[in-house]
Amino acid sequence: MPESRLTDEAIAHLLKRKGKYRAIAPWNKVASEDAIRHFSRAIGDDNPLWNDPAYAARTRWGGIIAPPAYLETTRRGGGLPMGLPGVAGVQIWDDYEWFRPVRAGDVIVRKAGLKDFIERTSEHAGRAFDQINESPHINQRGEVIAVHLGAVRRFEKGKTKGSSGGRRYEGWKRWVYSPEDLRRIDEGYAAEVQRGREPRYWEDVQIGEELPPMVKGPFTVTEVIAWYCGAGAPLALASRLRWKYFKEHPGANIPDPETNVPDVPERIHWETAMGRAFGAPDLFDVGAQRVAWLTHMMTNWIGDDGFLRRLKGESRRFNLHGDTCWVRGKVVGKRRAGDENLVDCELWVKNQRDELLMPGAATASLPSRERGPVVLPPLPKPPPGAAD
């Protein structure tokens, strides 16, 4: 990959953005039934609450709502305004807090502002920083329905060249699946359970209870295409639009080494050579996919009457070409906060090698036998500068 440098001058210029918010170009601004269905397909989630108007009308929500991770689509319509042009970045953790569901027909604007910029060490790059962005999501009624905190590791391109991720991926090879491996995956998909209309009451949940595991994969380029079709691909621009983008953002152009044709850095997710140039041993997934898979497992478990309040996922390793992910969780706490009956869960994603790819944590609000249906939390105010 081309050389780039994190200079003190560039960092000082970026820090001037701190506390200032701007709207993000969305993949989906209007949460149409089609947009919601496309995203649910992108994460392999066929819950009728997101897909079947007749079914959804009979739930407490009175109509179709979106999967919690649908909000990813509100930021993937164009190049992300992260600053530091030409400096590479990879998402390392995402932390969502939800206050209301997205309903079919809602118009969502995602604002983004720089919250912090913290210097880190990197095993496969030179100078590196964690850029922490805060993004309130505001609907057409002016309600902050969710807030996202996300950390992007910014590092100097060129330092990763010739690396395969250092000792972490030493000796890595694509997995060749035996009939037994494929049978286990088949059984995992067949065993997936959606709680659906049957309420999961707070009183019935036990600390230490395991959530039904979920399988995802094996990871292929087809899976990447499915994700981008539903969630959006910021830099997947065609013909003249791509040409215009490179004129405005020359640092985003990483030409194909064989043909010298201008192309985008997102190819790390569908080209093996680009993944290796980045520092991985192969192409790999978008970290937000695994975060979405964690939300999928949670919504399967809490059912139609529950409400996912918060979820964080941390990318520890790449989900590499051909690998299969197993999503698991367990209940680690129960508490009441005001009118909410909350359950805290520990979550994790491991591959078929038993390597931890993403640890996570979630909090869900459940109905109560004693206190009745889920009560949604108070709406927060937009951060200063984000309401305009």
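Preceding this paragraph is the structure being described.
The rules behind each value
- Residues numbered from 1 in each chain as written.
- Predicted model: local features only at pLDDT ≥ 70, side-chain atom pairs only at ≥ 80, totals over all residues.
- Heavy atoms only, no water.
- Helix = DSSP H or I, 4+ residues; strand = E, 2+ residues; numbered from the N terminus.
- Polar contact = N/O pair within 3.5 Å; in protein donor to acceptor, adjacent residues only side chain to side chain.
- Contact = heavy atoms within 4.5 Å.
- Buried < 20%, exposed > 50% of the residue type's maximum accessible area, 1.4 Å probe, protein only.
- Arc of directions from axis to C-beta.
- Pairing = 2+ DSSP bridges.
- Axes fitted to C-alpha atoms, helices over the stretch in contact; angles between N-to-C directions.
- Phe/Tyr/Trp six-rings, centres within 6.5 Å; stacked < 30°, edge-to-face > 60°.
- Lys NZ or Arg CZ within 6 Å of the ring centre and 35° of its normal.
- Parallel < 35°, antiparallel > 145°, perpendicular 65-115°, else oblique.
- Left-handed = near helix turned anticlockwise from the far one by under 90°.
- Nonpolar A, V, L, I, M, F, W, Y, C, P; charged D, E, K, R; others polar.

## Re the side chain of Q91
- Structurally, the position occupied by Q91 is in strand β2 (residues 88-98).
- Reaching out from Q91, the side chain makes a polar contact with the backbone oxygen of W93 at a distance of 3.4 Å.
- Within the local environment of Q91, its side chain forms a polar contact with the side chain of D94, the two groups lying 3.1 Å apart.
- Those residues in contact with Q91 that sit more than four places away from it in its chain are R75, H148, G150, A151, V152 and S315.

## What to know about helix α2 (residues 33-42)
- What α2 keeps buried is the set A35, I36, F39, S40 and A42. The arc enclosing the buried residues of α2, seen along the axis, measures out at 155 degrees, which places them on a common side.
- The inward-facing, buried residues of α2 contact α3 (48-51), α6 (221-231) and α9 (287-302).
- Positive phi appears at G44, one or two residues downstream of α2, with a value of about 75 degrees.

## A look at unusual backbone geometry
- Here G217 and P218 are connected by a cis peptide whose omega angle stands at 0 degrees.
- Mapped onto the elements, P218 comes out in the loop between β6 (210-216) and α6.
- The phi angle at S239 is positive, at roughly 50 degrees, despite the residue not being glycine.
- Structurally, S239 can be placed in helix α7 (residues 239-248).
- Overall, the relative accessible area of 56% leaves S239 in the exposed class.
- Backbone geometry at N260 places phi at a positive 65 degrees, although glycine is not the residue there.
- Mapped onto the fold, N260 is located in the loop between α7 and α8 (272-278).

## Notes on the pairing of strand β5 (residues 144-155)
- Judged by how many residues are buried, β5 sits mostly within the fold: ten of twelve residues are covered.
- Where strand β4 (residues 128-138) lies against β5, eleven bridges are found, and the strand directions are antiparallel. Looking at β5, one finds that I132 is bridged to A151.
- Hairpin connection between β4 and β5: a loop of five residues separates the two successive antiparallel strands, and G142 in this loop has a positive phi of roughly 80 degrees.

## A closer look at the sheet that holds strand β1 (residues 21-23)
- The antiparallel open sheet is built from ten strands, whose spatial order is β1-β3-β4-β5-β2-β7-β10-β9-β8-β6. Every interior strand has two partners, whereas the edge strands, β1 and β6, have only one. Averaged over neighbouring strand pairs, the angle between their axes works out to 25 degrees when direction is ignored.
- Lying on the sheet, helix α1 (residues 8-15) is in contact with β3 (109-120) and β4; it crosses β3 at an angle near 140 degrees.

## Side note on the packing of aromatic side chains
- Per the stated rule, a full pass over the model turns up twelve aromatic pairs.
- Connected via pairs of aromatic rings, a cluster forms that spans Y169, F278, F284 and F318.
- When the ring centre of W61 is taken as origin, the NZ or CZ atom of R60, which lies over that ring, is 4.3 Å away.
- For K334, the ring lying beneath its charged end belongs to W202, and the centroid distance is 4.3 Å.

## Some thoughts on the packing of α2 against α6
- Direction vectors running N to C along α2 and α6 enclose 155 degrees, while the axes themselves pass 7 Å from each other. Looking at the two axes, α2 sits roughly antiparallel to α6. Taken as a pair, α2 and α6 cross one another with a handedness that is left-handed. Two secondary-structure elements touch here, α2 through H38, F39 and A42 and α6 through A226, W227, G230 and A231.
- The residue inventory of the contact of α2 with α6, partitioned by class, reads five nonpolar, two polar and no charged.

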